Amino acid sequence: MNAGLGFKLSHLQSMLLFALVISVAFGFLSKRRPADRVKYIAWALFLFLLVGVGIGWAMYPFSR
Amino acid sequence: MEENKMAGEAAIVAPQRDAKREAIAFVIAIAGWLVPGLGHALLKMWGRAAMCFLTVGVLVVLGAGMRGNLFSSNGNDAFDSLGFIADMGTGTFYLAARSLEKEGPDVSHADGDYGTRFLATAGVLNLLAALHAFEAARGRKA
């Protein structure tokens, strides 16, 4: 994939970036202490990726 | 007698203070919507302000860079209208995205589809942040 501003992103990279940005935003908005934020961000990122990859695999049989 | 008088004054002053607080919270929410992070910055929540600005900014730049669809007010159906509401959630960044996307949207490739989601998410995220700033200004959340 070739992005308009010059960066190339694959499907996985797009998903990773999206999950990271949203996890960081949720972590900062919902938690106050830095340690809590880090834990929340890591957990949210893990769940985002787990669900994303899980849905990807669930759709795999229908991709061809 | 004196106690009753003081209680009466307090009963008048407290709603006035609440009304003023609500008005300030509303202004903070509007500011947070117009410029991502400004609502939290006005509340001196610097970390959250910086993060709101950066996360919404990154999503808008990526979305526009990937030529995502920026919905306009004259949509054809309910989905277009919802997309416009989501995109408008970024406040002034909506205009920035428009200026960044010089060649217009291109959703014929996966890039454009991802970009559309990035832009909409940026808007919804900013609305969530503005709501958070509103609640924090009212003293309900921090």
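See the structure above.
What you see is a predicted model; the values in this text were computed from it and never measured.

Draft legend 1. Spotlight on the overall build of chain B. Each helix and strand in chain B was counted, giving 6 helices and 0 strands. The linear arrangement of helices and strands in chain B, starting from the amino end, is α-α-α-α-α-α. In chain B, buried positions account for 40% of the 142 residues. Partitioning the intrachain contacts of chain B with sequence separation of at least 6 by distance along the chain shows that 74% fall at a separation of at least 24. Here chain B has roughly 7900 Å² of accessible surface; of this, 66% comes from carbon and sulfur atoms.

Draft legend 2. Just empty space enclosed by the protein, in detail. Taken as a whole and assessed by the stated rule, the structure comprises 2 cavities of 30 Å³ or more. If you add up the space inside the largest cavity, you get close to 40 Å³. Forming the walls of the largest cavity are Ala25(A), Phe28(A), Leu29(A), Met51(B), Cys52(B), Thr55(B), Val56(B), Leu125(B) and Ala129(B). When residues of the lining of the largest cavity are traced back to their parent elements, those giving at least two are α1 (11-30) of chain A together with α3 (46-65) and α6 (110-137) of chain B. Across the lining of the largest cavity, the residue classes break down as 8 nonpolar, 1 polar and no charged. Considering only enclosed or pocket space, the second largest cavity measures out at about 30 Å³ in volume. In this structure, the second largest cavity is lined by Val60(B), Leu70(B), Asp87(B), Thr90(B), Phe93(B), Tyr94(B), Ala97(B) and Leu119(B). Its residues placed into classes, the lining of the second largest cavity shows 6 nonpolar, 1 polar and 1 charged.

Draft legend 3. Representation of the pattern of salt bridges within the structure. Residue and element names in this part refer to chain B. Counting across every chain of the model gives 5 salt bridges over all chains. We note a salt bridge from glutamate 103 to arginine 67, for which the minimum N-O separation is 3.5 Å. One end of the pair, glutamate 103, is in the loop between α5 (93-100) and α6; the other, arginine 67, is in the loop between α3 and α4 (78-88), with 36 residues separating them in the sequence. Residue glutamate 103 is classed as exposed on the basis of its relative accessible area of 65%. Arginine 67 gets classed as partly exposed once you look at its relative accessible area, which sits at 23%. Taken together, the shared-partner salt bridges connect Glu22, Glu135 and Arg138 into one network.

Draft legend 4. Structural context of the nonpolar core. Counting residues in each nonpolar core, the largest one holds 18 residues, and the members touching the most others are Leu59(B), Val60(B) and Ala97(B). Of all elements in the fold, only α1 of chain A together with α3, α5 and α6 of chain B reach the threshold of two or more residues within this core. In terms of residue count, α3(B) provides more of this core than any other element does, 5 residues in total. The next biggest cluster of nonpolar side chains, apart from the first, holds 6 residues, and it includes Ile28(B), Ala29(B), Ala133(B) and Phe134(B).

Draft legend 5. Region of the structure containing the environment of Asp36(A). Residue and element names in this part refer to chain A. For aspartate 36, the location among the structural elements is in helix α2 (residues 34-59). When its relative accessible area of 23% is taken as the criterion, aspartate 36 is described as partly exposed. In this structure the C-alpha to C-alpha distance between aspartate 36 and phenylalanine 46, which are 10 residues apart in sequence, comes to 15 Å.

Draft legend 6. Layout of the interface of chain B and chain A. Listed per partner, the contact involves 23 residues of chain B and 22 residues of chain A. Counting each side, the surface lost to burial between chain B and chain A is near 1900 Å², with a carbon and sulfur contribution of 79%. If you look at where chain B meets chain A, you find 0 salt bridges. One can count 4 residue pairs in polar contact (both at pLDDT 80 or more) joining chain B with chain A. Those elements that provide at least two residues to the side of chain B that touches chain A are α3 and α6 of chain B.

Cut-offs applied
- For every chain, the first residue of the written sequence is number 1, and numbering continues from 1 along that sequence.
- Working convention: letters from A go to chains and numbers from 1 go to ligands, in the order in which they are written.
- Local features in a predicted model are, by the rule used here, given only for residues with pLDDT of at least 70; side-chain atom pairs are given and counted only at 80 or more, and totals for whole chains, interfaces and linings are based on all residues.
- With hydrogens and water stripped out, all remaining heavy atoms of the structure feed into the side-chain values.
- Strands are runs of DSSP state E lasting at least two residues, helices are runs of H or I lasting at least four, and both sets are numbered from the N terminus onward.
- Residue exposure (1.4 Å probe, protein chains only): buried if accessible area is under 20% of the type maximum, exposed if over 50%, otherwise partly exposed.
- What makes two residues a contact is simply this: any of their non-hydrogen atoms within 4.5 Å.
- The method behind every accessible area is Shrake-Rupley, applied with a 1.4 Å probe, and residues are considered shielded solely by the protein chains displayed.
- Whether a set of points on the 1 Å grid over the protein atoms alone is a cavity depends on a 1.4 Å probe fitting there but being unable to get out, while an open set qualifies as a pocket with protein on both sides within 12 Å along at least five of seven lines; lining residues are those with an atom within 4 Å of a point.
- Grid points are joined across faces, edges and corners, and a volume is the space filled by probe spheres set on the points.
- All amino acids are sorted into three groups, where Ala, Val, Leu, Ile, Met, Phe, Trp, Tyr, Cys and Pro are nonpolar, Asp, Glu, Lys and Arg are charged, and the leftover types, Gly among them, are polar.
- Basic side-chain nitrogens of Lys or Arg form a salt bridge, by our definition, when they fall within 4 Å of a carboxyl oxygen of Asp or Glu.
- We define a nonpolar core as any set of buried Ala, Val, Leu, Ile, Met, Phe, Trp, Tyr and Cys residues linked to one another through side-chain atoms lying within 4.5 Å.
- Buried area is a sum: the accessible area each of two parts loses on coming together, probed at 1.4 Å, counted once for each and added.
- Two N or O atoms count as a polar contact when they lie within 3.5 Å, although within protein this holds only if one can serve as hydrogen donor and the other as acceptor, and sequence-adjacent residues are included solely when both atoms are side-chain atoms.

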